[in-house]
Amino acid sequence: MYLVTLLGNMLIILAISSDSHLHSPMYFFLSNLSFTDICFISTTVPKMLVNIQRQSKTISYTDCLSQVCFGVGFAGVENFLLAAMAYDHYVAICHPLRYSVIMNLCLCVLLILLSLTISVVYALLQSLMLLRLSFCTDLEIPHFFCELVQVIKLACSDTLLNNILVYVMTSILGGLPLLGIVFSYIKIVSSILEMPSAGRKSKAFSTCGSHLSVVSLFYGTGFGVYINSAVTDLSRKSAIASVMYSVVPPMLNPFIYSLRT
């Protein structure tokens, strides 16, 4: 799965960078999404593969904090990228004549830098909040990687502030982009329904199909993880849900976009 993810996303980046016809905002965001998927899955799976090969399940304190920081950061970047891609589709379908003016290179780069900045600040904030916690020795994390919520649960000190920060910031940084995506697609659907030509309607829906599939996969598995961790303490189910969230979407994204675009 890791090799398929690397190969699929690298091929998308290579195809977009080598073909001048694909140098448009839509594919600019897609290449950044593919790069983010490579980084996201590379924060967790290589360590797991090394542990399987060595038949060892240990991870150092520093490595664990690094996994939390990079995992949270890249998940945040992907979240904002999906919102930026939804806005790109909205402009393309609802304001086609002004598309090249609105979605200029400066705006695209600004959206990427903004996504990166917010995600890096959030990841560093969560990491600094973890540093204030004290942990007992010989802890066992019921996961295949150091997930933020699971690490906080293992702390021996008070974790009230950490839990508040996790749920507040997750609601804001996850909810706002999701609201942006929903608003964009409400406008897109209403605009498509007003189109007189059935062919144009079909083409517009086809343009949005791959992005909607990726959004459903990312947010569906993400919400599944947090709902599962909130209602059950079974480590096996929680770990399986995390695999569905952190490993499966980056692997399937290249197939979804390659087959539908």
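In what follows, the structure referred to is the one given above.
What you see is a predicted model; the values in this text were computed from it and never measured. (Residues numbered from 1 in each chain as written. Predicted model: local features only at pLDDT ≥ 70, side-chain atom pairs only at ≥ 80, totals over all residues. Heavy atoms only, no water.)

> Which residues make up the overall build of the protein chain, and what are the values?
The number of helices and strands found in the protein chain is 11 helices and 0 strands. In sequence order, the protein chain lays out its α and β elements as α-α-α-α-α-α-α-α-α-α-α. In terms of overall size, the protein chain behaves like a compact globule, its C-alpha atoms giving a radius of gyration of 20 Å where 261 residues would be expected to give roughly 18 Å. C-alpha extents for the protein chain along the principal axes are approximately 65 × 35 × 35 Å. Counting every position in the protein chain, which comprises 261 residues, the buried fraction comes to 46%. (Helix = DSSP H or I, 4+ residues; strand = E, 2+ residues; numbered from the N terminus. Rg over C-alpha atoms; globule rule 2.2 N^0.38 Å. Buried < 20%, exposed > 50% of the residue type's maximum accessible area, 1.4 Å probe, protein only.)

> Before we move on, could you go through the environment of Leu173 and cite the residues and values that matter?
Relative to the helices and strands, Leu173 is located in helix α8 (residues 160–193). As for Leu173 and Phe70, which are separated by 103 residues in sequence, their C-alpha atoms are 16 Å apart. Ignoring anything within four residues of it in the chain, the contact list for Leu173 reads Asn79, Phe80, Ile118 and Tyr122. (Contact = heavy atoms within 4.5 Å.)

> If you had to explain the environment of Glu194 to someone new, which residues and values would you point to?
Examined against the element boundaries, Glu194 turns out to sit in the loop between α8 and α9 (198–231). With 122 residues separating them along the chain, Glu194 and Val72 place their C-alpha atoms 40 Å apart.

> Got a sec to walk through the packing of aromatic side chains? Specific residues and values, please.
Scanning the model with the defined rule gives 6 aromatic pairs in all. Between Phe70 and Phe74 the ring centres are 6.2 Å apart and the planes differ by 20°, which places this aromatic pair in the stacked class. With a gap of 4 residues between them, Phe70 and Phe74 both fall in helix α4 (residues 61–94), about one helical turn apart. Where Tyr87 meets Tyr90, the ring centres are 6.0 Å apart and the plane angle is 35°; that geometry is what we call tilted. Within this pair, Tyr87 and its partner Tyr90 are both found in helix α4, separated by 3 residues, close to a single helical turn. The class for Tyr87 is partly exposed, based on a relative accessible area of 32%. (Phe/Tyr/Trp six-rings, centres within 6.5 Å; stacked < 30°, edge-to-face > 60°.)

> Explain the state of the cysteines to me, using residue names and the numbers behind them.
Counted under the stated rule, the structure contains 2 disulfides. Here Cys64 pairs with Cys146 through a disulfide, and the sulfurs are 2.1 Å apart. As the torsion about the S-S bond is roughly -120°, the Cys64-Cys146 disulfide counts as left-handed. Of this pair, Cys64 sits in helix α4 while Cys146 sits in the loop between α6 (105–131) and α7 (148–153), and the two are 82 residues apart along the sequence. Taking the relative accessible area as the measure of exposure, Cys64 reaches 11% and is therefore buried. Since its relative accessible area comes to 2%, Cys146 is described here as buried. For Cys94, which is in no disulfide, the shortest distance to another cysteine sulfur is to Cys208 and amounts to 8.8 Å. When its relative accessible area of 3% is taken as the criterion, Cys208 is described as buried. (Disulfide = S-S within 2.5 Å.)

> Describe in detail the side chain of Ser34, supporting the description with residues and values.
Secondary-structure assignment places Ser34 in helix α2 (residues 25–42). Not counting chain neighbours up to four residues away, the residues in contact with Ser34 comprise Asn9, Ile12 and Ile13.

> Break down α2 for me, with residues and values.
The first and last C-alpha atoms of α2 sit 26 Å apart over 18 residues, in line with the 26 Å expected at 1.5 Å per residue. The element α2 is largely enclosed, with a buried count of 14 among its 18 residues. (Expected span 1.5 Å × (residues − 1).)

> Any chance you could break down helix α1 (residues 2–18) for me, citing the residues and the numbers?
Spanning 17 residues, α1 covers 24 Å between terminal C-alpha atoms, matching the ideal 24 Å at 1.5 Å per step. Residues of α1 that are buried include every one of Tyr2, Thr5, Leu6, Gly8, Asn9, Ile12 and Ile16, and no others.

> Before we move on, could you go through the packing of α4 against α8 and cite the residues and values that matter?
Taken N-terminus to C-terminus, the directions of α4 and α8 make an angle of 20°; their axes are 9 Å apart at the nearest point. What the angle tells us is that α4 and α8 run roughly parallel. For the pair α4 and α8, the sense of crossing is left-handed. Where α4 approaches α8, its residues Asn79, Phe80, Leu82, Ala83, Ala86, Tyr87, His89, Tyr90, Ile93 and Cys94 are matched on the opposing element by Leu173, Gly174, Pro177, Ile181, Ser184, Tyr185, Lys187, Ile188, Ser191 and Ile192. Considered class by class, the residues forming the contact of α4 with α8 number 14 nonpolar, 5 polar and 1 charged. (Axes fitted to C-alpha atoms, helices over the stretch in contact; angles between N-to-C directions. Parallel < 35°, antiparallel > 145°, perpendicular 65-115°, else oblique. Left-handed = near helix turned anticlockwise from the far one by under 90°. Nonpolar A, V, L, I, M, F, W, Y, C, P; charged D, E, K, R; others polar.)

In short, shape yes, function no, at least from these values alone.
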